[in-house]
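Understanding the architecture of this molecule
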Amino acid sequence: MLTLEYLAELLAKNRAAAKARVREFSIGGRRFQLNSRPAIMGVINLSPDSWYRESVCLTSQSAVRRAKVLQAQGAEIIDVGAESTLAHAKRVNKKWQNSKLLPVIKELRASGLLVSVETYQPAVTRACLEAGANILNLTAAEGTSEFFRMVADHDAAVIICYVQGRNVREVSDFHFSADPIGLMHDYFGRQIKLANRNGVERIFLDPGLGFYYRNLQDSAKRVRHQMKIFLNTFRLRTLGFPICHALPHAFEYFGEEVRCAEPFFAVLAALGKTDLFRTHEVARVKAVLETMGTF
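Residues numbered from 1 in each chain as written. Predicted model: local features only at pLDDT ≥ 70, side-chain atom pairs only at ≥ 80, totals over all residues. Heavy atoms only, no water.

**Some words on the overall build of the protein chain**
Applicable threshold: Comment: elements are numbered from the N terminus, with helices defined as DSSP H or I runs of at least four residues and strands as E runs of at least two. A radius of gyration in this sense is built from C-alpha atoms; the matching globule rule multiplies 2.2 Å by the number of residues raised to 0.38. Residues count as neighbours in contact if any of their non-hydrogen atoms are within 4.5 Å of one another.
The helix and strand inventory of the protein chain stands at ten helices and ten strands. Its C-alpha atoms give the protein chain a radius of gyration of 18 Å, within 12% of the compact-globule value 19 Å for 295 residues. Dimensions of the protein chain along its principal axes, counting C-alpha atoms only, are 50 × 45 × 40 Å. Sequence-distant contacts in the protein chain: of pairs separated by 6 or more residues, those separated by 24 or more amount to 68%.

As C-alpha cells, then:
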C-alpha cells in the first residue's frame, strides 16, 4: 500500500532534487512554462494493432477529427504513431508508416496543431520532420546521433525515451541491477550531451514506462515499478530538462474501468513533478491536474 510515510521518506532523502527546475522553451511558436504549469499530449494511433481502441484512427479524416477533439479537451501536443509498441504487434515497414503518417501530419500542421511523431526508424523520422512534425518521440536507443541531427536540421524538439534495447520493439528483460532512476539518470545524461553536440536544445526525457519488457508482464511487479518511477520522477529533473510520462493502463486491476487508469496514474505522476503527460484520456487527465492545482 502506498502510504504517507513512504512519500515523507522519499522527500526527506531527496529534498534538494525536489527543488530542481527545468528548461522552458517554445515549440512551433508556443511557449511551455513547465516549471509552473504541466502540459498534456494527446495520442492518436494509426495502427490497427494498438489496444487502446478509443485512440485508434484508421483514416486520415478520422485522425484529424480526433486531434481536434483532443485539442478542444486540453491537449497542447498531438502524438501520432503508425506502429504499435505491443510485444506481438505486427512490424510495419517505413513505406506503410509514411503513407499513414504524412497526410495526418500535414493536415494537423495546416490546422495549427503541434505534432509529435513516435518512431524508431530514421527514414520515417526524416519524412515526418520534412512534413512539418514539431517533435520526434524517439523510441530508439541506438544510432541516436543521426536522429538528433535530423531534429536539429528541422528546428524541432525531441522526446528521448529510456529504452533497454535497440528500440522499443527489441527489448527483453528490464535490468534491475541498480536503482532504476540511477540507470535512467546516467542514460539520459549521455543522450543529452549527444543531443546538445548535434544542435538539439529542446528536450523532454521519458522513462518509457509503457514498454513491454518480458520480466514486467506480471501485473503487480509492473505496476509497482511504474508507481515508484512516477513518484521518483523529480530526481530526473536534476538533469535540467522536463520529464514526459506516457500514462499506463493497468487493465488487470481496473478491468471494465480501464479508462480511469490513466487519470489515477496522473495523480502519482503529478506528485513526482512530471512536466508533460502523454495520455489517451485528455479530458480526464486535465480534470485531475486542474483539481490538484487548486490545493
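**Thoughts on the packing of aromatic side chains**
Heads up, the rule is: Here a Phe, Tyr or Trp ring, Trp counted by its six-membered ring, pairs with any other such ring whose centre lies within 6.5 Å, and the pair is stacked when the planes are under 30 degrees apart, edge-to-face when over 60, and tilted otherwise. Burial classification: accessible surface area is computed with a 1.4 Å probe over protein chains only, and a residue below 20% of its type maximum counts as buried, one above 50% as exposed, and the rest as partly exposed.
For the coordinates displayed, the defined rule picks out eight aromatic pairs. The interplanar angle of 80° and the centroid separation of 5.3 Å between the aromatic rings of Tyr 162 and Tyr 187 together place this pair among those described as edge-to-face. A residue pair is termed long-range when its members are at least 10 positions apart, and Tyr 162 in the loop between strand 7 (157-161) and helix 6 (180-197) and Tyr 187 in helix 6 qualify at 25 residues. In terms of burial, Tyr 162 and Tyr 187 fall into one category: buried. For the ring pair Tyr 187 and Phe 188, a centre distance of 5.8 Å and an interplane angle of 65° mean the geometry is edge-to-face. Tyr 187 sits in the buried class, given a relative accessible area of 8%.

**Here's the deal with helix 2 (residues 60-73)**
Heads up, the rule is: Here the expected span of a helix is defined as 1.5 Å times the quantity of residues minus one.
Taking 1.5 Å of rise per residue, 14 residues should cover 20 Å, and helix 2 covers 20 Å from first to last C-alpha, within 8% of that figure. For helix 2, the set of buried residues is Ser 62, Ala 63, Val 64, Arg 66, Ala 67 and Leu 70. Buried-residue contacts for helix 2 involve strand 3 (39-45), strand 4 (77-81), helix 3 (94-110) and helix 10 (282-293).

**With respect to the nonpolar core**
The following threshold applies: Each nonpolar core is a collection of buried residues, namely Ala, Val, Leu, Ile, Met, Phe, Trp, Tyr and Cys, held together in the definition by side-chain atoms within 4.5 Å.
Ile 44, Ile 78, Val 80, Leu 101, Leu 108 and Val 158 are the most contacted members of the largest nonpolar core, which totals 96 residues. At seven residues, helix 6 tops the list of elements feeding residues into this core. Sequence-distant contacts of Val 158, defined by excluding residues within four places in its chain, comprise Ile 135, Leu 136, Leu 138, Phe 148, Val 151, Val 200, Arg 202, Ile 203 and Phe 204.

**Examining the pairing of strand 3**
The two faces of a sheet get side chains in turn, since along a regular strand they alternate between them. We count it as follows: Pairs of strands are assigned from DSSP output, requiring at least two bridges between the strands.
With respect to burial, strand 3 is a largely interior element, seven of its seven residues being buried. A two-sided burial pattern is seen for strand 3, the buried positions comprising Ala 39, Met 41, Val 43 and Asn 45 on one face and Ile 40, Gly 42 and Ile 44 on the other. Summarising the sheet, strand 3 and strand 10 (residues 276-279) pair through four bridges and their orientation is parallel. Note on strand 10: the bridge partner recorded for Ile 40 is Phe 277.

**What about empty space enclosed by the protein?**
A water-sized probe rolled over the atoms picks out the places where empty space is left. Operational definition: A cavity here means a set of 1 Å grid points, computed over protein atoms only, where a 1.4 Å probe fits but cannot escape. A pocket is an open set with protein on both sides within 12 Å along at least 5 of 7 lines, and lining residues have an atom within 4 Å of a point. Grid points are joined across faces, edges and corners, and a volume is the space filled by probe spheres set on the points. Classes in brief: Ala, Val, Leu, Ile, Met, Phe, Trp, Tyr, Cys and Pro nonpolar; Asp, Glu, Lys and Arg charged; the others, Gly included, polar.
Scanning all chains against the criterion turns up three cavities of 30 Å³ or more. Put simply, the largest cavity is a space of about 60 Å³. Taken together, the residues of the lining of the largest cavity break down into two nonpolar, five polar and three charged. For the second largest cavity, the full set of lining residues is Phe 174, Met 184, Pro 207, Gly 208, Leu 209, Phe 211, Tyr 213, Leu 216, Arg 222, His 225 and Gln 226. When residues in the lining of the second largest cavity are grouped by element, the largest group, three residues, is from helix 7 (residues 219-232).

**What to know about the state of the cysteines**
Rules: Counting rule for disulfides: a pair of cysteine sulfur atoms within 2.5 Å.
Scanning all chains against the criterion turns up zero disulfides. Cysteine Cys 161 is unpaired, with the sulfur of Cys 244 as its nearest cysteine sulfur at 7.0 Å. Cys 161 sits in the buried class, given a relative accessible area of 1%. Given a relative accessible area of 0%, Cys 244 falls into the buried group.

**Focus on the sheet that holds strand 6 (residues 135-138)**
The test is simple: The angle between two axes is taken between their N-to-C directions and runs from 0 to 180 degrees, where each axis is a line fitted to C-alpha atoms and a helix contributes only its stretch in contact.
Ordered in space as 8-7-6-5-4-3-10-9, the eight strands form an open sheet in which the pairing is parallel. Edge strands, defined here as strands with exactly one partner in the open sheet, are strand 8 (203-206) and strand 9 (244-246). Sheet twist, expressed as the average angle between the axes of neighbouring strands with direction ignored, equals 20°. Strands strand 3 and strand 4 of the sheet are contacted by helix 2, whose axis makes an angle of about 160° with strand 3. Those strands touched by helix 3 are strand 4 and strand 5 (115-119), and its axis lies near 165° from that of strand 4.

**Here's the deal with the packing of helix 6 against helix 7**
Helix packing geometry: the angle between the two helix axes and the distance between the axes. This is how the line gets drawn: In these notes the angle categories are as follows: under 35 degrees is roughly parallel, over 145 is roughly antiparallel, 65 to 115 is roughly perpendicular, and the rest is oblique. Crossing chirality is assigned from the near helix's rotation relative to the far helix, an anticlockwise turn below a right angle marking it left-handed and a clockwise turn marking it right-handed.
Taken N-terminus to C-terminus, the directions of helix 6 and helix 7 make an angle of 60°; their axes are 10 Å apart at the nearest point. Compared by their axis directions, helix 6 and helix 7 come out oblique. When you trace helix 6 past helix 7, the crossing you get is right-handed. Where helix 6 approaches helix 7, its residues Pro 180, Ile 181 and Met 184 are matched on the opposing element by His 225, Ile 229 and Asn 232. Its residues placed into classes, the contact of helix 6 with helix 7 shows four nonpolar, two polar and no charged.

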